[in-house]
Amino acid sequence: MTAPPCPGDLLVIDGRASVQFAGDRALTFRVVCVSDQPTYQGWVWLTGYVLNRRGDATAKREVFVQLAGLRPAVPVTPTQAGRRRPARARR
């Protein structure tokens, strides 16, 4: 990525974006806010939510990452097992 992400974007934040997210510390991250605070060129502060494998938000975080290392994540789609069935009407 060369342009800052937008609120609502779903990203993979791993070692390419910052050394602190290398290996098993990688995150799937839903962007809520992009800071306009001045930083080093090519870096940005992002506020958002860490998502688990099911797509549920587990923590709110603020991260400092390189734009060039950010990648779009594949959206998580609910499985049939995760969906609730509508209640049956009684007769």
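Not measured: the values here are computed from a predicted model.

Participant: When you look at the side chain of Asp14 in this model, what are you seeing that I'm missing?
Facilitator: Structurally, the position occupied by Asp14 is in the loop between strand S1 (10-13) and strand S2 (27-34). Asp14 has contacts with Phe21, Ala22, Ala26, Gly69 and Arg71, leaving out every residue within four places of it along the chain.

Participant: What should I look at first to understand the sheet that holds strand S5 (residues 71-72) in this one?
Facilitator: Paired through their backbone hydrogen bonds, the strands of a sheet run either parallel or antiparallel. Strand order in the open sheet made by the five strands is S4-S3-S2-S1-S5, with antiparallel pairing throughout. The outermost strands of the open sheet, each flanked by one partner alone, are strand S4 (57-66) and S5.

Participant: I keep staring at the environment of Val74 and nothing clicks. Help me out?
Facilitator: Along the chain, Val74 falls in the segment after S5. Val74 gets classed as exposed once you look at its relative accessible area, which sits at 70%. On a C-alpha basis, the gap between Val74 and Leu11 in space is 8.3 Å, while along the polypeptide they are 63 residues apart.

Participant: Could you clarify how one ought to interpret the packing of aromatic side chains in this entry?
Facilitator: Note on aromatic pairs: each is described by the distance of the centres and the angle between the planes. Going through the model one piece at a time under the given rule, you end up with two aromatic pairs. Seen in terms of ring centroids, Trp43 and Phe64 are 5.0 Å apart; in terms of plane orientation they differ by 25 degrees. Their pairing is stacked. In this pair, Trp43 sits in strand S3 (residues 43-51) while Phe64 sits in strand S4, placing the two residues 21 residues apart along the sequence. Its relative accessible area of 27% is what places Trp43 among the partly exposed residues. Ring geometry for Trp45 against Phe64: centres 4.8 Å apart, planes inclined by 35 degrees, an arrangement best described as tilted. Placement of Trp45 in strand S3 and of Phe64 in strand S4 is noted, with a sequence separation of 19 residues between them. Taking relative accessible area as the criterion, Trp45 reaches 27% and is therefore assigned partly exposed. These aromatic residues form a ring-pair network of at least three members: Trp43, Trp45 and Phe64.

Rules used in this analysis
Residues numbered from 1 in each chain as written. Predicted model: local features only at pLDDT ≥ 70, side-chain atom pairs only at ≥ 80, totals over all residues. Heavy atoms only, no water. Helix = DSSP H or I, 4+ residues; strand = E, 2+ residues; numbered from the N terminus. Contact = heavy atoms within 4.5 Å. Pairing = 2+ DSSP bridges. Buried < 20%, exposed > 50% of the residue type's maximum accessible area, 1.4 Å probe, protein only. Phe/Tyr/Trp six-rings, centres within 6.5 Å; stacked < 30°, edge-to-face > 60°.

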